[in-house]
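A structural walkthrough
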Amino acid sequence: MSISRRSVIKGTAAASAAAIAAPAILKASDALASSGQVNVFAWGDYVQDNMIKKFEGDTGIKINLSTFGSNDEAEQKLKAAGGKGFDVIFPSITNGANYYPDDLLAPLDESKLKVDAVVPSMLRDSVKLGGTYRGKRMLLPFDWGTEAITFDSTVFPLSNEEVSFGSLWAPEAKGKAAFRQKSALIGTGLYLDAIGKVKSDRMLDVYKTEEDARRVWDEVAKFIIERKANIAAFWNNATEATNAFKQAGASIGQTWDTTGLLLSREDAKWKYRMPKEGGMTWMDSMGIPSGAANTEQAYAFINAMLDPEMAGMFSSNTGYNSAVVGAANHAGETYKKQFLEIYNNDTLANLWWYPADTPWFAPLRQEYVDKITNA
């Protein structure tokens, strides 16, 4: 990708790791709506009870919350409904291209949004990650996070410098590894590229053409299937990822940050660390479906999510990193401590950002997911 990974994170890392003066608090009186309801479609762990209580108390608007566990699920449900049924949705920003051809999202009226509350570097670079379409703002950055390695440090006494996506495939990980298949196709590919076994331009080749993707993924899938004895569990959402460790016997896995961070809060033996190949990094966003029935309430809800106090509450709940300036000031000491344990200048500079999807990418990737699942 042409954008600088370092530039995207620079402002965000500062907002998360340093004491930043919060912008003016967004008050309930700023909302364009003060009654009614808003139908929210979000990731399962995003809009939690404390956030709902605050929003409804501040605005008088009732939240009707529906959740999804994957981008595929969100896309399919909104497509099936023709863009109707929800007023706010939280897709990964790189998936925007999958919504735009069918006009499933409405352009955002930035004059109604507190866009200045978003970390400037994230707002700027979200354009190239898929946040605009035909010159119009469609999705607004909400948060960012990583997918890296969660491990039981009593079983795998790895130093930060030793952690690798390849750690899942070491002989000592037999029967102990967990991952989401489509993510492992990238993570394992990054590992194989780094050791010179399957060259892929740091996995950017799989986004170039179908031919390039098949060349790389043929080898990556073969590598994984040959080592399928290492697999303890697959996961597809946050609950399944946690259960892979708590119930399925996994002691190392490629997971979202929230999985490792929340496990670590329960027991310090669990660690979440960036692999030497670079943590896989995503940005999630907020948008308004084209068939939204409560648009003014939708804008009120989005603006409430841009309040630093609400954004800090979100980060404290989940361990994810808010895109809102000053959110870290309200996220608590545990969040700040874990952020500083995981991220430093080197790991931030080495992050691997998901490029924007292309129409052929997801169906082709699913072919290889099925190969791994059915092996």
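Attention here is on the structure that accompanies the text. As the structure is a computational prediction, the values presented were derived from the model and not from experiment. (Residues numbered from 1 in each chain as written. Predicted model: local features only at pLDDT ≥ 70, side-chain atom pairs only at ≥ 80, totals over all residues. Heavy atoms only, no water.)

Topic: the packing of helix α5 (residues 181-194) against helix α6 (residues 210-226)
Interaxial distance between α5 and α6 falls to 9 Å at its minimum, and their mutual angle equals 95 degrees. Between α5 and α6, the angle falls in the class roughly perpendicular. Contacts between α5 and α6 involve A184, L185, I186, T188, G189, Y191 and L192 from the former and W217, V220, F223 and I224 from the latter. Each residue belonging to the contact of α5 with α6 can be placed in one class, and the counts come to 9 nonpolar, 2 polar and no charged. (Axes fitted to C-alpha atoms, helices over the stretch in contact; angles between N-to-C directions. Helix = DSSP H or I, 4+ residues; strand = E, 2+ residues; numbered from the N terminus. Parallel < 35°, antiparallel > 145°, perpendicular 65-115°, else oblique. Contact = heavy atoms within 4.5 Å. Nonpolar A, V, L, I, M, F, W, Y, C, P; charged D, E, K, R; others polar.)

Thoughts on the packing of helix α7 (residues 238-246) against helix α8 (residues 257-266)
Between two packed helices, the angle of one axis relative to the other and the distance separating the axes together describe the packing. The contact between α7 and α8 brings their axes to 10 Å, and the two run at 45 degrees. Taken together, the axes of α7 and α8 are oblique relative to one another. Where α7 crosses over α8, the handedness of that crossing is right-handed. Contact residues: α7 offers A238, A241, T242, F245 and K246, while α8 offers T259, L263 and E266. When grouped by side-chain class, the residues that make up the contact of α7 with α8 number 4 nonpolar, 2 polar and 2 charged. (Left-handed = near helix turned anticlockwise from the far one by under 90°.)

Things to note about the sheet that holds strand β1 (residues 37-43)
One key point about sheets: their strands pair by backbone hydrogen bonds, in either a parallel or an antiparallel sense. With respect to topology, 3 strands assemble into an open sheet ordered β2-β1-β3, the strand pairing being parallel. The sheet is open, and its two borders are formed by β2 (62-68) and β3 (88-89), each paired with just one other strand. Where helix α2 (residues 49-59) meets the sheet, its contacts fall on β1 and β2, and the angle it forms with β2 comes to roughly 150 degrees. Across the sheet, helix α9 (residues 295-305) touches β1, β2 and β3, and the angle it forms with β1 is around 50 degrees. (Pairing = 2+ DSSP bridges.)

Observations regarding empty space enclosed by the protein
Think of a ball as big as a water molecule: rolled over the atoms, this probe shows where empty space is left. Scanning all chains against the criterion turns up 2 cavities of 30 Å³ or more. Estimates place the volume of the largest cavity at around 50 Å³. If you list the elements that add at least two residues to the lining of the largest cavity, you get α8 and α11 (333-342). Looking at the lining of the largest cavity, the element that brings in the most residues is α11, giving 4 residues. Of the residues in the lining of the largest cavity, the class split is 6 nonpolar, 3 polar and 1 charged. (1 Å grid on protein atoms, 1.4 Å probe; cavity = no way out; pocket = protein on both sides within 12 Å on 5 of 7 lines; lining within 4 Å. Points joined across faces, edges and corners; volume = space filled by probe spheres on them.)

Side note on the pattern of salt bridges
Overall, the coordinates contain 18 salt bridges when judged by the stated rule. Across the pair K54 and D307 runs a salt bridge, and its minimum N-O distance is 3.9 Å. Separated by 253 residues along the polypeptide, K54 in helix α2 and D307 in the loop between α9 and α10 (308-318) bring together distant segments of the chain. Accessibility assignment for this pair places K54 and D307 in one class, buried. Among the salt bridges present, the one from D125 reaches R124, with a minimum N-O distance of 3.2 Å. Through salt bridges with shared partners, a single network forms among D201, D205, K208, D212 and R215. (Salt bridge = Lys/Arg side-chain N within 4 Å of Asp/Glu carboxyl O. Buried < 20%, exposed > 50% of the residue type's maximum accessible area, 1.4 Å probe, protein only.)

A few points about helix α3 (residues 71-80)
Restricting attention to buried positions, one finds in α3 the residues N71, A74, E75 and L78. End-on, the buried residues of α3 take up no more than an arc of 95 degrees, which puts them together on one face. The outward face of α3, more than 90 degrees from its buried face, is lined by the exposed residues Q76 and A80. Tucked into the core, α3 has its buried residues touching β1, β2, β3, β4 (105-106) and β13 (288-289). (Arc of directions from axis to C-beta.)

What about the layout of surface pockets?
One number sums up the size of the largest pocket: a volume of about 400 Å³. Along its surface, the largest pocket is lined by 27 residues, and W43, N71, S92, R180 and W256 are the ones closest to its centre. For the lining of the largest pocket, the secondary structure elements donating two or more residues are α5, α7, β12 (280-286) and α13 (361-374). For the second largest pocket, the calculated volume is near 310 Å³. E75, K79, N98, A362 and P363 are, among the 14 residues lining the second largest pocket, the residues nearest its centre. Elements that contribute at least two residues to the lining of the second largest pocket include exactly α3 and α13. Here the lining of the second largest pocket is composed, by residue class, of 5 nonpolar, 4 polar and 5 charged.

Considerations on unusual backbone geometry
The phi dihedral of D103 falls on the positive side, at around 55 degrees, and the residue is not glycine. Judged by its relative accessible area of 54%, D103 is exposed. The phi angle at R202 is positive, at roughly 55 degrees, despite the residue not being glycine. Considering the arrangement of structural elements, one finds R202 in the loop between α5 and α6. Taking the relative accessible area as the measure of exposure, R202 reaches 27% and is therefore partly exposed.

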